[in-house]
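Coordinates in review
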Amino acid sequence: MLLNATVRKNLPLAITLVVGTLVTLGAWRFVQDVEHERSALAFSQRVDNTADAILDRFAAYQQVLHGGAALLHASRDVSRNEWRVYVEHLMLEEMFPGIQGVGYAVNLGPDDLMAHERAVRADGFPDYRVHPQADRASRPSSAILYLEPFDVRNQRAFGYDMYSNAIRRAAMAKARDSGRPALSGRVTLLQEMDQDLQAGTLLYLPVYREDGPLETVAQRRAALLGWVYSPFRMNNLMQGILGPDLSGVRLRVFDGLEQGDENLLFDNDPQADVGQAPLTAQRVLQVAGRPWTMSLALPPVVAATGLSQASTVLIGGLVTTLLLAWVVFSLRTSEERAGRLAWEMTDALRASERRYRAILEHTADGILTIDERGIVRSFNKAAEAIFGYSADEVIGHNVSRLMPERYRAQHDGYVARMETSASHRNLGMRREVVGLRSDGEEFPLWLAVNKIPTRGALEYVGMVSDLTERKRIQAELQYTAHHDALTTLPNRAVLKDRLDQAIRHARREGNKVAVLMLDLDHFKRINDTLGHHVGDDLLISIALRLEASVRDVDTVVRMGGDEFVIVLPSVNGRDDVVPVVEKLIRILAQPISVVGHEMIITPSIGVCLCPDDGQDERALLKHADTAMYQAKAAGRGNYKFFESHMLRTNQRRLETETALRRALDRDEFSLRFQPQINIHSGQLIGCEALVRWHHPQLGDVSPGLFIPMAEEMGLIGSIGDWVLISACQQAAKMQQELGQPLQVAVNISPQQFFRNDIISSINRALAMSGFPASQLEVEITEGVLLENSRETVQLLHKIRSLGVSLAVDDFGTGYSSLSYLTRFPIDKLKIDQSFVRDITTDASDAAVASAIIAMAHSLKLAVVAEGVETLEQYEFLSQRQCDVAQGFYFGRPVTSTEFVDSAQQFQTQPALGDARRASLDQLH
Ligand SMILES: Nc1nc2c(ncn2[C@@H]2O[C@H](COP(=O)(O)O[C@H]3[C@@H](O)[C@H](n4cnc5c(=O)[nH]c(N)nc54)O[C@@H]3COP(=O)(O)O)[C@@H](O)[C@H]2O)c(=O)[nH]1
């Protein structure tokens, strides 16, 4: 009885304790499950985000390389400066943190190495060498030619032969053979310094010559020009991609499928202990065709923090149970006390609720929950920021207000059907959808929906993140990859697309497409003499004029350098195209003012028609290019329609270019000397050195043809150096044999003049020959003086200070002001032979020549008349007090031996008398 009474008395307390404990344990397990599921979902999304971020970034890098390749395809001769401008416009640091640079490495055949080194040295790097030299005979070679930004780290790689390293070589060969981007294995980059050593990798994209098919591996190998590539330092790269996103997670990235130290590319926290990590994941990513294994682990300490809500529930529940027991116990003694305890219990539950809410409110992703009718039940702070609604404006309303009108009907009932239809397969999967902000703006977002495991009514949780910024960056990349950075015109990648469209349309409509290849005459000279900033501004102005001159349906593309392509769709034939081409020439030829320089630019245009002259992009561009070269050869400021016979001429031009690259090495140049006569005394005073090129197959090639070619190909510096040295050496020998001092004049082209080392070139020639500086004369063209800069004046003064005299060649043909003559330290003017030719028959030529002589004398300058062919011309010039004459009348350019032999004739008579005339006449 006593036992019964005790049991009865304590039964409520016992029931409270047992039921409370059981309920708490049940709630604890439940919350633990929910927490686990939520953590696993969040972790899985984090893994996916990380993988997506890496893949997205590499897709962007590949676009960068495609942009670089398009630039190289577009132009035969992308300069270092153009490459720098392209890379600068990419804003690597801002847009692609982690990328070390964007480079171009050339593929070198066994015969190309010396010419390559010489060309780069001539480009302002006198100490340049391709390195390392070891094993070169047993493998092909390459060399890093451009790598921007050209900072201290990247300069270490300049000239590096990446083929010398097996890992790099494998990736380069893969890219070469496949025609696609290829990523290297783990390497140590040349850019590494002593500190902060990191693993590295390189991404390569091949660049091929465009004049042949690229269908087979053999064709691709034969057409390979080089690789556009980017080196990456892995730690910088991953931090650039993932930023601070990695806190609390250990991420390791391995090259390949094995996970060993030797192929570890990146480890964000090598000290972290992940032995017992409750959440781990592995992903194999295909990065530019190479497998990377990504291993992520959530260390126990971090995971435990994530699960503390369950512990809170457990502790809270047990405390609540004890409190309830205390309440029951106290009820027996005090109603008041029980009430207070009940309040405390409620407070504990509220605190627990507040903790949950804080977690929800501080996640970066938007989180909202909806019931089975689609009514929003909760809406966190991040969701408010994303959609622009406050929680109050959304909770209690249908979730469809967060989506554009056109999706709403389809969405109605979607949630209700979730359980029965196939839609439930979408649960847990992240997909891209369109959202609607409170201001009516539509935007892209990622959405992942999950079922909340509640008892009774169904609820769903949606996690959303805003993709607007990500899309904006993608769009910018897209723009950069398809537009020329300088002029903002579409680039080569767009051209292919537009041309294909135009060709398809022409086929359907039975009409034609015209392709115009346009190149600016003497642009390189403007660039070299007036500076790249003037060249760049000029190109922008030209681009604007071109765009304004054609229809909206036409496409103007900058191919690179000074080359533009214009596509005119839907034309009927040549008659439709001629007015357009003539209009373009007329409009471009109007004076143009660039950075304070007034200039007149003429274009050379080649035209071909589809389908008459070609059926695809490659053939059409090649034929328009061929026609353009014919237009240039026909006198510039000109246009030509493609004719099939032009291909032979073009082939010969290409052969000439190839032969010219090797001419210096093969000793194919020689010099001729043309006498210069003092008109007052009739005595030989010196000669002009003129270069000649004889090729075993091509024969004698005129300097009028190969000098401009060498200027365009950047070879004039080394050829000019050879001319300077040989002219001084041969002149020293000739004057010894003649026993009289001899003046020798040497032509210096503008590119050679502005190469920065003209002073050392002249000094070297004088030192190597022992020829006196006072007998050397440098002939520059008016173009050099056009660049009326302080540097030009200083350079001319430096040449004069060596004791060398200066003459202005072809005087009267330039387009600059005569006033420069007073500002520059010049000794002589050479009247251009076009004025001398008709000096005795054409009154205006006679007047120009007389005026030049009078003006030069008033400025204390000597005057040389070139192209003197007749006695009458000679007498005219003599009467006008011209100082020196040169021309066929006195002798054609001859070898140094022939020059010494014939020079005796000029020494016999001091002045021009009848006997002298007779002796000269006999020469002809
Ligand atoms: N930068 C360098 N340019 C050079 C060099 N050698 C030549 N050249 C330039 O090539 C152009 C063509 O030169 P070339 O065929 O040698 O013709 C020269 C003479 O042969 C020719 N000439 C001389 N006298 C007469 C004549 O009475 N009648 C006539 N029709 N032609 C004649 O004129 C050319 C000399 O020109 P210039 O230099 O302007 O005095 C030419 O532009 C050369 O400058 C070189 O080493 N470097």
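Residues numbered from 1 in each chain as written. Predicted model: local features only at pLDDT ≥ 70, side-chain atom pairs only at ≥ 80, totals over all residues. Heavy atoms only, no water.

Okay, the overall build of the protein chain next. For the protein chain, the helix and strand inventory stands at 34 helices and 30 strands. Summarising the internal contacts of the protein chain: among those between residues at least 6 apart in sequence, 65% fall at separations of at least 24. Total accessible area computed for the protein chain in this model is approximately 43,100 Å², and 53% of it derives from carbon and sulfur atoms. (Helix = DSSP H or I, 4+ residues; strand = E, 2+ residues; numbered from the N terminus. Contact = heavy atoms within 4.5 Å. Areas by Shrake-Rupley, 256 points an atom, 1.4 Å probe, with all protein chains shown as cover.)

Let's shift gears to the sheet that holds strand S5 (residues 224-233). With respect to topology, five strands assemble into an open sheet ordered S2-S1-S5-S4-S3, the strand pairing being antiparallel. The two strands at the open ends of the sheet, each matched to only one other strand, are strand S2 (141-148) and strand S3 (182-183). Pairing geometry for strand S4 (residues 200-208) and S5, over nine bridges, is antiparallel. From the neighbouring strand, Leu 203 faces S5, where its bridge partner is Ser 230. In the packing of helix H2 (residues 80-90) onto the sheet, contacts are made with strand S1 (102-108), S2 and S5, and the angle to S2 comes to roughly 55 degrees. (Pairing = 2+ DSSP bridges. Axes fitted to C-alpha atoms, helices over the stretch in contact; angles between N-to-C directions.)

Turning next to the site of the ligand. The immediate surroundings of the ligand are formed by 22 residues, with Glu 688, Arg 692, Asp 810, Glu 866 and Glu 869 found nearest. Interatomic distance of 3.0 Å between a side-chain N/O atom of Asp 809 and an oxygen atom of the ligand. Take Gln 833: an N or O atom from its side chain is 2.9 Å from an oxygen atom of the ligand. Burial of the ligand by the protein amounts to 80% of the accessible area it has alone, namely 820 Å². Top element by residues in the shell around the ligand is strand S23 (residues 684-695). It accounts for four residues. (Near = heavy atom within 4 Å. Polar contact = N/O pair within 3.5 Å; in protein donor to acceptor, adjacent residues only side chain to side chain.)

A few words now on a nonpolar patch on the surface. A cluster of nonpolar side chains, contributed by Val 7, Leu 11, Ile 15, Val 19 and Val 23, occupies part of the molecular surface with about 420 Å² of accessible area. Given the relative accessible area of 44%, Val 19 is considered partly exposed. (Patch = residues over 30% accessible without salt bridge, like charges linked within 9 Å, V, L, I, M, F, W, Y side chains within 5 Å. Salt bridge = Lys/Arg side-chain N within 4 Å of Asp/Glu carboxyl O. Buried < 20%, exposed > 50% of the residue type's maximum accessible area, 1.4 Å probe, protein only.)

Here Trp 693 is to be found in strand S23. Note on Trp 693: relative accessible area 1%, which makes it buried. A sequence separation of 26 residues divides Trp 693 from Asp 667, and the C-alpha atoms of the two residues are 9.3 Å apart. Discounting residues that sit within four places of it in the chain, Trp 693 has contacts with Thr 656, Ala 659, Leu 660, Ala 663, Glu 668, Phe 669, Leu 698, Gly 699, Asp 700, Val 701 and Phe 706. In this structure the side chain of Trp 693 is engaged in a polar contact, spanning 2.9 Å, whose partner is the side chain of Glu 668.

Below, the discussion takes up the environment of Asn 81. Position of Asn 81 among the secondary structure elements: in helix H2. Residue Asn 81 is classed as buried on the basis of its relative accessible area, which comes to 12%. With 65 residues separating them in the primary sequence, Asn 81 and Tyr 146 have C-alpha atoms 9.6 Å apart. Contacts of Asn 81, omitting those with residues within four sequence positions, involve His 532 and Asp 536.

On to the confidence of the model for the protein chain. For the protein chain, the mean per-residue pLDDT works out to 86, and 91% of the residues sit at or above 70. Residue range residues 908-924 is modelled with pLDDT below 50. Its contacts to residues more than four positions away, or to other chains, number 34 contacts. In the model output, the complex is listed with pTM 0.54 alongside ipTM 0.94. (pLDDT = per-residue confidence, 0-100.)

Below, the discussion takes up the pairing of strand S9 (residues 290-298). In terms of burial, S9 is a largely internal element, seven of the nine residues being buried. One ladder, built from six bridges, connects strand S6 (residues 250-255) with S9; its direction is antiparallel. By the bridge assignment, Arg 250 is partnered in S9 with Ala 297. Pairing of strand S8 (residues 279-287) with S9 involves nine bridges; the strand directions are antiparallel. Note that in S9 the partner of Val 287 across the bridge is Arg 290. Hairpin connection from S8 to S9: two residues lie between these consecutive antiparallel strands, with Ala 288 at a positive phi of about 45 degrees.

The subject of this paragraph is the packing of aromatic side chains. Each aromatic ring pair is described using two quantities: the centre-to-centre distance and the angle formed by the ring planes. Applying the stated criterion to the full structure yields 26 aromatic pairs. Considering the side-chain rings of Phe 125 and Phe 150, the 6.1 Å spacing of their centres and the 85 degrees angle between planes classify their relative orientation as edge-to-face. With Phe 125 in the loop between helix H4 (113-122) and S2 and Phe 150 in the loop between S2 and helix H5 (152-155), this pair connects stretches of sequence that are 25 residues apart. Ring centres 5.5 Å apart and planes at 80 degrees place the aromatic pair Tyr 163 and Trp 227 in the edge-to-face group. Of the two residues, Tyr 163 sits in the loop between H5 and helix H6 (166-178) while Trp 227 sits in strand S5, which places them 64 residues apart along the sequence. (Phe/Tyr/Trp six-rings, centres within 6.5 Å; stacked < 30°, edge-to-face > 60°.)

Take unusual backbone geometry next. The omega torsion across His 131 and Pro 132 is -5 degrees, close enough to zero to call that bond cis. Residue placement: Pro 132 occurs in the loop between H4 and S2. In this model, His 522 sits at a positive phi of 60 degrees, which is unusual for a non-glycine residue. You can see His 522 is positioned in the loop between strand S15 (512-520) and helix H18 (523-530). Not every positive phi belongs to a glycine, and Asp 667 is a case in point at roughly 60 degrees.

Okay, the side chain of Asn 527 next. With respect to the secondary-structure elements, Asn 527 resides in helix H18. Not counting residues up to four positions away in its chain, the partners in contact with Asn 527 are His 532 and Gly 535.

Scanning the entire structure with this criterion turns up four cavities of 30 Å³ or more. Taken as a whole, the largest cavity holds about 200 Å³ of empty space. Along its surface, the largest cavity is lined by 19 residues, and Leu 71, Tyr 86, Asp 484, Ala 485 and Arg 558 are the ones closest to its centre. Looking at the lining of the largest cavity, its residues break down into eight nonpolar, six polar and five charged. Residue assignment places the lining of the largest cavity across two domains, with domain 1 (54-239) and domain 4 (482-642) each supplying three or more. (1 Å grid on protein atoms, 1.4 Å probe; cavity = no way out; pocket = protein on both sides within 12 Å on 5 of 7 lines; lining within 4 Å. Points joined across faces, edges and corners; volume = space filled by probe spheres on them. Nonpolar A, V, L, I, M, F, W, Y, C, P; charged D, E, K, R; others polar. Domains from an automatic or database assignment.)

This part covers the pairing of S23. Both faces of the sheet carry side chains from a regular strand, because those side chains alternate between them. Within S23, nine of the 12 residues are buried, leaving the element largely enclosed by the surrounding structure. Bridge count for strand S22 (residues 669-678) against S23 is nine bridges, and the pairing is antiparallel. Within the sheet, the bridge partner assigned to Ile 677 lies in S23 and is Leu 684. Sheet topology places S23 next to strand S25 (residues 743-747); four bridges connect them, and they run parallel. Following the sheet pairing, Ala 689 is matched in S25 by Val 746. Two strands pair when backbone bridges link them, and S23 and strand S24 (residues 699-701) are joined in this way by three bridges, in the antiparallel orientation. Bridge pairing in S24 places His 695 opposite Gly 699. Between the antiparallel neighbours S23 and S24 lie three residues.

A few words now on the packing of helix H19 (residues 532-549) against helix H20 (residues 574-588). Orientation of H19 relative to H20, taken along the N-to-C sense of each, is 145 degrees, at an axis distance of 10 Å. For H19 against H20, the interelement crossing comes out right-handed. Within the contact between the two elements, H19 uses Ile 542, Arg 545, Leu 546 and Ser 549 and H20 uses Lys 583, Leu 584, Ile 587 and Leu 588. Of the residues in the contact of H19 with H20, the class split is five nonpolar, one polar and two charged. (Left-handed = near helix turned anticlockwise from the far one by under 90°.)

Further remarks concern the nonpolar core. Ranked by internal contacts, the top residues of the largest apolar core, which has 87 residues, are Leu 660, Trp 693, Phe 753, Ile 762, Leu 776, Val 868 and Leu 877. With 11 residues, helix H24 (residues 716-738) is the largest single contributor of residues to this core. Those residues in contact with Leu 877 that lie beyond four places of it in its chain are Ile 679, Val 836, Ile 839, Ile 853, Ala 865, Val 868 and Cys 882. (Core = buried A, V, L, I, M, F, W, Y, C linked by side-chain atoms within 4.5 Å.)

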